[in-house]
Amino acid sequence: TVKQHVVRKFLGLISSHSVPVYLIDPLILGLVDKDIEQIRSSPDGPSPECKYFCAPRDFTTFALLDKTWKHEVAFLRTAEKMGFRWLKIMNKDPRLDGMDDLSGIEIPLHYIFKLASHAIHLVVFYERSGNYLWHGPLRLKQHMDRKFVPFRKLHFGRHPGAYEKPELLLVSIDDLKVQIPKNPSSFLKEMSYSRFLECRYREARAFFQLYPDDASLDAVDFRRKAKSLLHLAALTLNKLGVKFWLSSGTCLGWYRQCNVIPHSKDVDLGVFIRDYKADIIPAFQKAGLPLKHKFGKVEDSLELSFQGEDDVKLDIFFFYEENDHIWNGGTQAKSGKKFKYLFPKFTLCWTEFVELKVHVPCETLQYVEANYGPDWKVPVKTWDWKSSPSNVQYNGVWPVDEWDDVIQIY
Amino acid sequence: MDEWKPNPAVKPHKKRSWYLAWKYKLMNQRALRKLCQTGAVLFLLVTVIVNIKLILDTRRAAYEEEEESAQDYDDEMLNVEVPRHPVNNKKVLDVEVYSSRSKVYVAVDGTTVLEDEAREQGRGIHVIVLNQATGHVMAKRVFDTYSPHEDEAMVLFLNMVARGRILIFTIKDEGSFHLKDTAKNVLKSLGSQVAPFLSWRDMWTFVGKKGGEVYGEKHAKSPALSTWGDPVLLKTEVHLTSVEDAECHWPDTELNRRRKRFCSKVEGYGSVCSCKDPTPIEFNPDPLKDNKVFDVPVAVIAGNRPNYLYRMLRSLLSAQGVNPQMITVFIDGYYEEPMDVVELFGLSGIQHTPISIKNARVSQHYKASLTATFNLFPDAKFAVVLEEDLDISVDFFSFLSQSIHLLEEDESLYCISAWNDQGYEHTAEDPSLLYRVETMPGLGWVLRKSLYKDELEPKWPTPEKLWDWDMWMRMPEQRKGRECIIPDISRSYHFGIVGLNMNGYFHEAYFKKHKFNTIPNVQLKNVESLRKDAYETEIHRLLGEAEVLDHSKNPCEDSFVPDTEGKVYVMFIKMEQEADFTTWTQLAKCLHIWDLDVRGNHKGLWRLFRKKNHFLVVGVPASPYSSKKPSSVTPIYMEPPAKEEGVAAVPAVAAAEQT
């Protein structure tokens, strides 16, 4: 069929220029995944029919690592000679976005190669600080041919995305040799949660114009400690497979100034209670972060606090989902009073923060506004967690006989 | 998926609310009446506008017709009547050149391409090179030929300009005092009749084609020593040639396309733009076996010295083991020509908006460049930092490849540097030898990412602090007692003589005689002995083996060191405490090595070569190696000179700085 023919031609072009691309087409990977055992075990096995590349679709999607992309001009010229028409989508380099005063390079984010009725979508992945791969959004510029391909049907490019560096496997499917992610099903799962948010560098710069950054040694020191604590926490939780996101002041710091707020005294993370694991406490202790206090219980208002280097502490708040909102709880140790912090529902996106790929609520503005009110842009140095948040609600008192369980201080 | 637009420019919500508001207004009677009124007025207005437009259009059509018929009938007339040089088919350029004591300017077709009336700068001969086909400015230089050697630089430059280019000369203030005959002859060969007789405070302008016709020359003689010649203004016309005539016909390859783009834009790079035998722009040096620095990013810090950058990148790309993909050139400012140079070599370049002034500007540029480097290469553990005025040794990467593991493993190290502050022609000998030093030489060095990210970046001096980045890095708060590894013979060579803290005299005194390794693939010896503890063992071994020199002799004299080769000698100087460098500074001065501040020391010990012998200097009693001094030997004390002499010895105020 045309599809298989075009893919074959493209793979030929790729190998003649030794450009190591890999298949990330969700449709084909879905089909491949069903037969993955068989495909893995017969690396050269002849397949009688065109089972994968002939599936009905308009595109086939491949990924390319920027690092391995060398001779673009020659490559595109050969592509033209082979009859491909191509479109290249460039945009500014997000790795330099945080630096207001640098300019120079736009980088290629997407290529589309069209031959007859089929098109190849080549997504360029970039390595970024935090040991992950990033691909950019696909945005057409004024002069571009909007009808080149049905752009809306592309599987990549609606949003930027963040991925782990995949392990690759060379397989032979439909008589074509092609690299695929070693574990297609986990790649497909990753793909559905890959949306990436860039930090709002421009707004952060405007913020620092208004409120110059604290460059004191104390601030530098705190930031260093907070960063290393966050790195350690991420390592520990990722190892356990516990999904977490930046919450409270840490989230505000990311959203408002793309950095740790120097006068905050801790690092705050959020975790859905459904992701809670009993191993969390021992894992942190093993990582050198002893438990400082535990408030609440799994069924209600759970909150863990770990002691980091010096006085920096790590707070993990557990979030409870209701029909129309999400909340987490707080407890005052001396009185047993309970508090409840309400948030509108949110989903999770990836972002980069202090050289780490981490989650933040995609609907960050609503999240931050719920927590800090409409004046979240104004730095506040005195903060009372029981009264300052605009989403705090009084939530009764723990029964005295439960205190030993729900108020544990070390 | 369906609501997604690749370019989300439309905001549907707004539209809807506008519609609702409109509907609501309609229901209101008063609003309806008002709307009718507004509508009537609008209609009237539109009618008027349409009518006016109609009238205008008719007139214009008539005018155009007239012109067209004129064209048809009289071609000659056309050339005179309409603007003489239609933009898209320019044949003749108007050139205006002005020369005077306090101001020079050059205008090409009414556009000022040079204007300098600043006080106390821009003295000498200004040269502008135009493309003979397009009229674009390809190079702009000023040679202060009032001062020595600048005429040689001008000759060099003029020789590099391709035949056929248009050259424009004008003098500001004074341009003849050190304009030697060689230079005058070159100007004469370009067709100048005045150049051979140019003298003190004459004003002069000249426009000519290299290897071709002269378009004009004007000269005003200075009537007396104390006065200047009258200002001269030369107005002339230059006939442009076709683009084909102005270009070379190199084979059509990707490399030559880069070359063509470069050569049609800028001038003064010599054989790279030669039609017959262009010098290569791709070098393909031998790869290094087991190259440990192949994936280390290289940041080239540049300003607006494109010729320096050109020379620097040539040497860098010729070094064995270079990986062009890892190189990024950071240009401080939106200068075009340095970017052209970067693109000529197919490298990537990033421009940086200048922040702050002078040294602080350099410092902010460094910070931005280093941050960007680690952002662009997030996997990198190190970055190589180079500057645009360095030559890079052929074994630069080999040197780093053999030593980089030390920087990774030994936490007492601050950097690896390719530069030995004390490595002069007469004091450096062994290309395979490395030292540990307590100073941070810079000039081609390796920075550990963790050092930058965890320590330096967060507290880097802010723009309002007018600090030198390297001085700041040398401060104890930053260095924290850590050391750098350097080679005995430098792997970089500092050729820049025009710089922020640099001038010709200073360069000649402190940099020109620096030794630079030219041997490929040098196998470094005892790399492992450079580790913290191993190095102490090594030093003790050396001192144990060293022969104590005769301390009754004058250490400045050649005879202080016997006429031997390959031996190890030691001398002891007075050094009361750790910061007492009185005697060392005097010794450094008489040995003609770096004496402007203390460099190259390790725990009160300096290592260099004299007459091909390893020569150790130990400061007693501050150095822990003082115990090696025989009790019979009295450490040599050298008195600092009287005050004013000390001042005279330092030529530039900020001279101790190397950027």
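- With an unreviewed UniProt entry as reference, chain B is termed Protein O-linked-mannose beta-1,2-N-acetylglucosaminyltransferase, source organism Pterocles burchelli.
- UniProt, in the comment section headed Catalytic activity (unreviewed entry), describes chain B in these words: "3-O-(alpha-D-mannosyl)-L-threonyl-[protein] + UDP-N-acetyl-alpha-D-glucosamine = 3-O-(N-acetyl-beta-D-glucosaminyl-(1->2)-alpha-D-mannosyl)-L-threonyl-[protein] + UDP + H(+)".

- Per an unreviewed UniProt entry, chain A is named Ribitol-5-phosphate transferase, and its organism is Pterocles burchelli.
- Checking UniProt for chain A, the heading Subcellular location (unreviewed entry) contains the comment "Membrane".
- The Sequence similarities (unreviewed entry) field of the UniProt record for chain A holds the comment "Belongs to the LicD transferase family."

Things to note about the interface of chain A and chain B
For step 1, the next point in the chain: Listed as interface residues are 35 residues of chain A and, on the opposing side, 31 residues of chain B.
For step 2, the next point in the chain: Of the roughly 2,900 Å² buried between chain A and chain B on both sides combined, carbon and sulfur atoms contribute 53%.
For step 3, the next point in the chain: The residue B:Asp379 makes a salt bridge to A:Lys165 at a minimum N-O spacing of 3.3 Å.
For step 4, the next point in the chain: Every element with two or more residues in the side of chain A that touches chain B is listed here: α4 (72-81), β4 (102-103), β6 (118-128) and α7 (217-240) of chain A.
For step 5, the next point in the chain: With four residues, α7(A) is the single largest residue contributor to the side of chain A that touches chain B.
For step 6, the next point in the chain: Partitioned by chemical class, the residues of the side of chain A that touches chain B number 13 nonpolar, six polar and 16 charged.

Some remarks on the pattern of salt bridges
Pairing is possible between side chains of opposite charge, provided their charged atoms come close.
For step 1, the next point in the chain: This structure, assessed with the given rule, holds 60 salt bridges over all chains.
For step 2, the next point in the chain: The partner of B:Lys381 in a salt bridge is B:Glu408, with the nearest N and O atoms 2.6 Å apart. Remark: B:Glu408 occurs in helix α11 (residues 396-409) and B:Lys381 occurs in the loop between α10 (358-376) and β13 (382-387); sequence separation between them is 27 residues.
For step 3, the next point in the chain: A relative accessible area of 49% places B:Lys381 in the partly exposed class.
For step 4, the next point in the chain: The partly exposed category is assigned to B:Glu408, whose relative accessible area is 42%.
For step 5, the next point in the chain: Connected through shared salt-bridge partners, A:Lys67, A:Glu127, A:Lys165 and B:Asp379 make up one network.

Re the environment of B:Ser626
All names here are of chain B.
For step 1, the next point in the chain: Here Ser-626 is to be found in the loop between β24 (613-621) and α18 (643-649).
For step 2, the next point in the chain: A sequence separation of 22 residues divides Ser-626 from Gly-604, and the C-alpha atoms of the two residues are 8.9 Å apart.
For step 3, the next point in the chain: When residues no more than four places from it in sequence are discounted, the contact partners of Ser-626 are Val-618, Gly-619, Val-620 and Pro-621.

Digging into α4(A)
Residue and element names in this part refer to chain A.
For step 1, the next point in the chain: For α4, the complete set of buried residues consists of Glu-72, Phe-75, Leu-76 and Ala-79. For α4, the angular spread of the buried residues around the axis is 95°, confining them to a single face.
For step 2, the next point in the chain: Of the surrounding secondary structure, the elements contacted by the buried residues of α4 are α1 (2-16), β3 (85-92) and β5 (106-115).
For step 3, the next point in the chain: Directly after α4, the chain includes Gly-83, whose backbone phi takes a positive value near 100°.

A closer look at the UniProt feature "domain: LicD/FKTN/FKRP nucleotidyltransferase" (unreviewed entry) in chain A
For step 1, the next point in the chain: Per the UniProt record, the feature "domain: LicD/FKTN/FKRP nucleotidyltransferase" (unreviewed entry) sits at residues 239-277 of chain A.
For step 2, the next point in the chain: The span residues 239-277 of chain A is 31% helix and 23% strand, and its two end C-alpha atoms sit 12 Å from each other.

Observations concerning the UniProt feature "domain: ILEI/PANDER" (unreviewed entry) in chain B
For step 1, the next point in the chain: Feature annotation in UniProt places "domain: ILEI/PANDER" (unreviewed entry) on residues 123-212 of chain B, given in this structure's numbering.
For step 2, the next point in the chain: The span residues 123-212 of chain B is 22% helix and 31% strand, and its two end C-alpha atoms sit 28 Å from each other.

What about the side chain of B:Glu457?
Residues and elements named next belong to chain B.
For step 1, the next point in the chain: You can see Glu-457 is positioned in helix α12 (residues 449-459).
For step 2, the next point in the chain: At a separation of 2.9 Å, a polar atom in the side chain of Glu-457 contacts the side chain of Thr-371.
For step 3, the next point in the chain: Those residues within four positions of Glu-457 in sequence are excluded, and the remaining contacts are Lys-367, Thr-371 and Tyr-452.

A short note on the domain arrangement of chain A
All names here are of chain A.
For step 1, the next point in the chain: On domain assignment, one finds that chain A holds domain 1 (2-194) and domain 2 (198-409).
For step 2, the next point in the chain: Each partner contributes to the interface: domain 1 provides 16 residues, whereas domain 2 provides eight residues.
For step 3, the next point in the chain: For the pairing of domain 1 and domain 2, the buried interface totals around 1,000 Å² over both sides, and the portion due to carbon and sulfur atoms is 48%.
For step 4, the next point in the chain: Along the contact surface separating domain 1 from domain 2 lie three salt bridges.
For step 5, the next point in the chain: Salt-bridge contacts for Glu-198 lead to Arg-128; the nearest nitrogen and oxygen are separated by 2.7 Å.
For step 6, the next point in the chain: The tally of links from domain 1 across to domain 2 stands at five residue pairs in polar contact (both at pLDDT 80 or more).
For step 7, the next point in the chain: Of all the elements in the fold, those that place two or more residues in the side of domain 1 that touches domain 2 are β7 (132-135) and β8 (161-163).
For step 8, the next point in the chain: When its residues are assigned to classes, the side of domain 1 that touches domain 2 shows seven nonpolar, four polar and five charged.

Some words on the packing of helix α4 (residues 150-160) of chain B against helix α5 (residues 181-189) of chain B
Residues and elements named next belong to chain B.
For step 1, the next point in the chain: Contact pair α4 / α5: the axes reach a minimum separation of 9 Å and the direction vectors enclose 30°. Considering only the axes of α4 and α5, their crossing is left-handed. Counted together, Asp-151, Met-154, Val-155 and Leu-158 of α4 and Thr-182, Ala-183, Val-186 and Leu-187 of α5 form the full contact between these two elements.

Section: the packing of aromatic side chains
For step 1, the next point in the chain: Inspection of every chain in the model, using the stated rule, returns 54 aromatic pairs over all chains.
For step 2, the next point in the chain: Consider the rings of A:Phe156 and A:Tyr163, whose centres lie 6.4 Å apart with planes at 40°: the pair is tilted.
For step 3, the next point in the chain: A residue is classified by how much of its surface remains accessible, and A:Tyr163, at 1% relative accessible area, is buried.
For step 4, the next point in the chain: Among the aromatic side chains, those forming a connected cluster through ring pairs are A:Phe10, A:Phe62, A:Trp69, A:Phe75, A:Phe84, A:Tyr111 and A:Phe113.
For step 5, the next point in the chain: Its end group placed over the ring of B:Phe495, B:Arg311 keeps NZ or CZ at 3.8 Å from the ring centre.

Observations regarding the sheet that holds strand β20 (residues 547-548) of chain B
Residue and element names in this part refer to chain B.
For step 1, the next point in the chain: Pairing in this open sheet of five strands is mixed, and the strands run β20-β21-β24-β23-β22 from one edge to the other. Since the sheet does not close on itself, it has two edges, and those belong to β20 and β22 (601-602), each with one partner.
For step 2, the next point in the chain: In this structure, strand β21 (residues 568-575) lies alongside β24, joined through eight bridges in parallel fashion. Following the sheet pairing, Val-568 is matched in β24 by His-614.
For step 3, the next point in the chain: On top of the sheet, helix α17 (residues 582-590) reaches β21, β23 (605-610) and β24; it is set at about 130° to β21, its chief contact.

Brief notes about unusual backbone geometry
For step 1, the next point in the chain: Between B:Val620 and B:Pro621 the backbone carries a cis peptide bond, its omega angle lying at 5°.
For step 2, the next point in the chain: Within the secondary structure, B:Pro621 sits in strand β24.
For step 3, the next point in the chain: The backbone of A:Glu355 shows a phi angle near 60°, a positive value even though the residue is not glycine.
For step 4, the next point in the chain: Considering the arrangement of structural elements, one finds A:Glu355 in the loop between β18 (348-353) and β19 (356-361).

With respect to the pairing of strand β8 (residues 214-220) of chain B
Residue and element names in this part refer to chain B.
For step 1, the next point in the chain: With six bridges connecting them, strand β7 (residues 203-209) and β8 associate as antiparallel partners. Across the sheet, the residue bridging to Phe-206 is Glu-217, located in β8.
For step 2, the next point in the chain: Here β7 folds back onto β8 in antiparallel fashion, the turn holding four residues, of which Gly-211 has a positive phi close to 70°.

Observations concerning the environment of B:Arg258
Residues and elements named next belong to chain B.
For step 1, the next point in the chain: Note that Arg-258 resides in helix α7 (residues 254-263).
For step 2, the next point in the chain: Looking at Arg-258, the relative accessible area reads 17%, which means it is buried.
For step 3, the next point in the chain: When the C-alpha atoms of Arg-258 and Ala-428 are compared, they prove to be 41 Å apart, with 170 residues separating the residues in sequence.
For step 4, the next point in the chain: Not counting residues within four places of it along the chain, the set of residues in contact with Arg-258 comprises Ile-281, Glu-343, Leu-344, Phe-345 and Gly-346.

Section: the packing of α7(B) against helix α9 (residues 336-344) of chain B
All names here are of chain B.
For step 1, the next point in the chain: Packing of α7 against α9 brings their axes to within 9 Å, and their N-to-C directions diverge by 165°. In terms of their interaxial angle, α7 and α9 are classed as roughly antiparallel. Considering only the axes of α7 and α9, their crossing is left-handed. Counting all contacts with α7, which are made through Arg-258, Arg-259 and Phe-262, the residues of α9 involved are Asp-340, Val-341, Glu-343 and Leu-344.
For step 2, the next point in the chain: When the residues that make up the contact of α7 with α9 are grouped by side-chain class, the tally is three nonpolar, no polar and four charged.

Regarding the state of the cysteines
For step 1, the next point in the chain: Tallied over the full model, the rule gives seven disulfides over all chains.
For step 2, the next point in the chain: Shown here is the disulfide that connects A:Cys199 with A:Cys258, its sulfur atoms set 2.2 Å apart. When the S-S torsion is -110°, as for the bridge of A:Cys199 with A:Cys258, the disulfide is left-handed. Separated by 59 residues along the polypeptide, A:Cys199 in the loop between α5 (184-192) and α6 (201-210) and A:Cys258 in the loop between α8 (248-257) and β12 (266-272) bring together distant segments of the chain.
For step 3, the next point in the chain: In this model B:Cys248 forms its disulfide with B:Cys275; the gap between the sulfur atoms is 1.8 Å. Disulfide B:Cys248-B:Cys275: the torsion about the S-S bond is -75°, which places it as left-handed. Of this pair, B:Cys248 sits in the loop between α6 (243-246) and α7 while B:Cys275 sits in the loop between α7 and β10 (298-302); the two residues are 27 residues apart in sequence, bridging distant segments of the chain.

What counts, and where the lines are drawn
The residue numbers shown here count from 1 along each chain, following its written sequence. Here every chain gets a letter starting at A, and every ligand a number starting at 1, in the order they are written. Per-residue local features of the predicted model are confined to residues with pLDDT of at least 70, and side-chain atom pairs are confined, for both listing and counting, to 80 or more; whole-chain, interface and lining totals are unaffected and use all residues. Neither water nor hydrogens contribute to the side-chain values; these are computed over all heavy atoms in the structure. UniProt positions are given in the numbering used here, feature names are shortened, and annotations may be inferred rather than shown by experiment. Should any heavy atoms of two residues lie within 4.5 Å, those residues are counted as being in contact. Accessible surface is computed with a 1.4 Å probe, and the buried area is the amount of it that two parts give up when combined, taken over both parts together. Here a salt bridge means any side-chain nitrogen of Lys or Arg lying within 4 Å of a carboxyl oxygen belonging to Asp or Glu. Secondary structure is summarised from DSSP: a helix means a run of H or I of at least four residues, a strand means a run of E of at least two, and numbering begins at the N terminus for each. As a working rule, the residues Ala, Val, Leu, Ile, Met, Phe, Trp, Tyr, Cys and Pro are called nonpolar, Asp, Glu, Lys and Arg charged, and the rest polar, with Gly in that last group. Using a 1.4 Å probe on the protein chains alone, a residue whose accessible area is under 20% of its type maximum counts as buried, one over 50% counts as exposed, and one in between counts as partly exposed. Directions from the helix axis toward the C-beta atoms define the arc. Under the rule applied, a polar contact is a pair of N or O atoms within 3.5 Å (in protein, one hydrogen donor and one hydrogen acceptor; residues adjacent in sequence only if both atoms are side-chain atoms). Domain delimitation in this document rests on an assignment produced automatically or drawn from a domain database. Axis definition: a line fitted to C-alpha atoms, over the contacting stretch in the case of helices. Angles run 0 to 180 degrees between N-to-C directions. In this scheme the crossing of two helices becomes right-handed for a clockwise turn of the near helix relative to the far one and left-handed for an anticlockwise turn of less than a right angle. When two rings of Phe, Tyr or Trp (its six-membered ring) have centres within 6.5 Å they constitute a pair, described as stacked for plane angles under 30 degrees, edge-to-face for angles over 60, and tilted for the intermediate range. The criterion for a charge sitting over a ring is simple: Lys NZ or Arg CZ within 6 Å of the ring centre, and within 35 degrees of the ring normal. Between any two strands, at least two bridges found by DSSP are needed for them to pair. Angles are sorted into four bins: roughly parallel if under 35 degrees, roughly antiparallel if over 145, roughly perpendicular if 65 to 115, and oblique for all others. Note on terminology: disulfide denotes any pair of cysteine sulfur atoms within 2.5 Å.

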